[in-house]
Amino acid sequence: MASPSASLTAPRAGRRLDARWLLYLLTAAVYIFLFSPIVVVVIASFNPTGLTSFPPAGFTLAWYADLLRDGDILRALRTSLVVAVLAALLTSALAIAAAYGLSRFTFRFKRVIQAFFYLPILVPGVVAGIALIFWFKRIGLQTGLLTILIAHVVHAFPYTLSIVLTSFYGFDRRLEEASQDLGANPWRTFWRVTLPLVMPGVIGGALLAFTISFDEFVLTFFVAGGGVVTLPLEIYSRIRFLLSPVINAVAAVVLLVSMTLALAVQLLVLMRERRARAA
């Protein structure tokens, strides 16, 4: 004869199982809703008709071949790569300096300054773009490659700082003390001990800054002016009037690059966490 407790446990277990399956279904529905448009674009980039029809009429790499022969897109791609690399380097350098100061020194209004560093995350892109273009005009700076670079650094800095700052807080500071006890000055300790230990976080922050800069459209639209065209601006100018099949190929390539960099950032963060646990 089954006990009363067993008879009560079975319905509870069934309800937990039903709730778990409902959670799985809702999660799958959210992912399908988010990634279905991306999958359609990727499939269309291989469709001979160049349309977003499903199932596709066949398979072709013609649109990717046209992409390699498109001079305007290649120039825009080159510009985006140059800006993204410079933005990643500058953002990483600024994030290292800020993270070192925030993690190593105690001063008044430290929390306020740190919150101020994260302020660009809270400001909408349109508002930030309007503010930047007014500021550039106020100081007499002509819009172009330099203004795009400044805008991208401002936009990517908070995200890079959060990763780099976590790296500075995550390692054992006794290693720095041991280095100084052995006669190394603070500058030598930073280059030989601190920077190598936080380098995975710095690389992860740089890759994230590169991705943010490479994909940025709103700020670039406001501060680019008429002489510089990045890849997002070139794509926008083409899809305003006609959705060229080449754009599907461009979107697929950009998606592949962005996902690869995002995966690299996650791998670096996981490696840093494993090293911290091992230590």
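Residues numbered from 1 in each chain as written. Predicted model: local features only at pLDDT ≥ 70, side-chain atom pairs only at ≥ 80, totals over all residues. Heavy atoms only, no water.

Named according to an unreviewed UniProt entry, the chain is ABC transporter permease originating from Thermalbibacter longus. Listed in UniProt under the heading Sequence similarities (unreviewed entry), the comment for the chain reads: "Belongs to the binding-protein-dependent transport system permease family. CysTW subfamily." Taken verbatim from the UniProt record of the chain, the Subcellular location (unreviewed entry) comment is "Cell membrane". (UniProt positions renumbered as here; feature names shortened; annotations may be inferred.)

Topic: the overall build of the chain
From N to C terminus, the chain includes 12 helices and 0 strands. For the chain, buried positions account for 35% of its 279 residues. Taking as baseline every contact in the chain between residues at least 6 positions apart, the subset at least 24 positions apart corresponds to 72%. Looking at the chain as shown, the accessible area adds up to about 17,400 Å², and 71% of this sits on carbon and sulfur atoms. (Helix = DSSP H or I, 4+ residues; strand = E, 2+ residues; numbered from the N terminus. Buried < 20%, exposed > 50% of the residue type's maximum accessible area, 1.4 Å probe, protein only. Contact = heavy atoms within 4.5 Å. Areas by Shrake-Rupley, 256 points an atom, 1.4 Å probe, with all protein chains shown as cover.)

Quick word on the layout of surface pockets
Quantified by volume, the largest pocket comes out at close to 410 Å³. Lining the largest pocket are 20 residues, with Leu119, Pro120, Val154, His155 and Pro158 positioned closest to its centre. For the lining of the largest pocket, a count of residues per class yields 17 nonpolar, 2 polar and 1 charged. (1 Å grid on protein atoms, 1.4 Å probe; cavity = no way out; pocket = protein on both sides within 12 Å on 5 of 7 lines; lining within 4 Å. Points joined across faces, edges and corners; volume = space filled by probe spheres on them. Nonpolar A, V, L, I, M, F, W, Y, C, P; charged D, E, K, R; others polar.)

Here's the deal with the nonpolar core
Core analysis: the biggest nonpolar cluster contains 21 residues, and Leu67, Ile73, Phe210, Phe214, Leu231 and Val250 have the highest contact counts within it. Ranked by residue count, the leading element in this core is helix H12 (residues 245-278), at 7 residues. Among residues more than four places away in sequence, those in contact with Leu231 are Ile73, Ala76, Leu77, Ser80, Phe214, Val250 and Val254. With 15 residues, the next largest nonpolar core counts Ile96, Leu161, Phe168 and Phe190 among its residues. (Core = buried A, V, L, I, M, F, W, Y, C linked by side-chain atoms within 4.5 Å.)

Focus on the UniProt feature "transmembrane region" (unreviewed entry) in the chain
UniProt records the feature "transmembrane region" (unreviewed entry) at residues 21-44, 50-68, 80-103, 115-136, 148-169, 189-210, 217-237 and 249-270, using the numbering of this structure. In residues 115-136, helix accounts for 86% and strand for 0%; the two terminal C-alpha atoms are 24 Å from one another. Each end of residues 148-169 is marked by a C-alpha atom, and these two atoms are 32 Å apart; helix forms 100% of the span and strand 0%.

Examining the packing of helix H3 (residues 71-104) against helix H7 (residues 145-170)
As a packed pair, H3 and H7 sit with axes 6 Å apart at the nearest point and diverge in direction by 40 degrees. Looking at the two axes, H3 sits oblique to H7. Classified by chirality, the crossing of H7 by H3 is right-handed. Within the contact of H3 with H7, the residues separate by chemical class into 22 nonpolar, 6 polar and 1 charged. (Axes fitted to C-alpha atoms, helices over the stretch in contact; angles between N-to-C directions. Parallel < 35°, antiparallel > 145°, perpendicular 65-115°, else oblique. Left-handed = near helix turned anticlockwise from the far one by under 90°.)

A short note on empty space enclosed by the protein
In this approach, a probe sized like a water molecule rolls over the atoms, and the result shows the empty space that is left. Following the criterion strictly, the structure yields 1 cavity of 30 Å³ or more and no others. The space that makes up the largest cavity amounts to roughly 40 Å³. Elements that contribute at least two residues to the lining of the largest cavity include exactly H3 and helix H9 (186-215).

As for the pattern of salt bridges
Using the criterion set out here, one finds 2 salt bridges in the structure. Here Arg69 makes a salt bridge to Asp66, at a shortest N to O gap of 2.4 Å. With Arg69 and Asp66 both in helix H2 (residues 62-69) and 3 residues apart, this pair spans about one turn of that helix. According to the relative accessible area criterion, Arg69 is exposed, its value standing at 61%. Taking the shortest distance from any N to any O, the salt bridge between Asp72 and Arg75 comes out at 2.4 Å. One end of the pair, Asp72, and the other, Arg75, are both in helix H3, 3 residues apart, so they sit about a helical turn from each other. The class of Asp72 is partly exposed, set by a relative accessible area of 39%. (Salt bridge = Lys/Arg side-chain N within 4 Å of Asp/Glu carboxyl O.)

Some remarks on helix H6 (residues 125-139)
Over its 15 residues, H6 extends 21 Å from the first C-alpha to the last, a length consistent with the 21 Å expected when each residue adds 1.5 Å. Looking only at H6, the buried set comprises Ala128, Gly129, Leu132, Ile133 and Phe136. Looking straight down H6, one finds that the buried residues subtend no more than 130 degrees of arc, so they occupy a single side. Facing away from the buried side of H6, by more than 90 degrees, are the exposed residues Phe134, Lys137 and Arg138. (Expected span 1.5 Å × (residues − 1). Arc of directions from axis to C-beta.)

Focus on the environment of Leu270
Position of Leu270 relative to the elements: it lies in helix H12. Judged by relative accessible area, which is 42%, Leu270 ranks as partly exposed.

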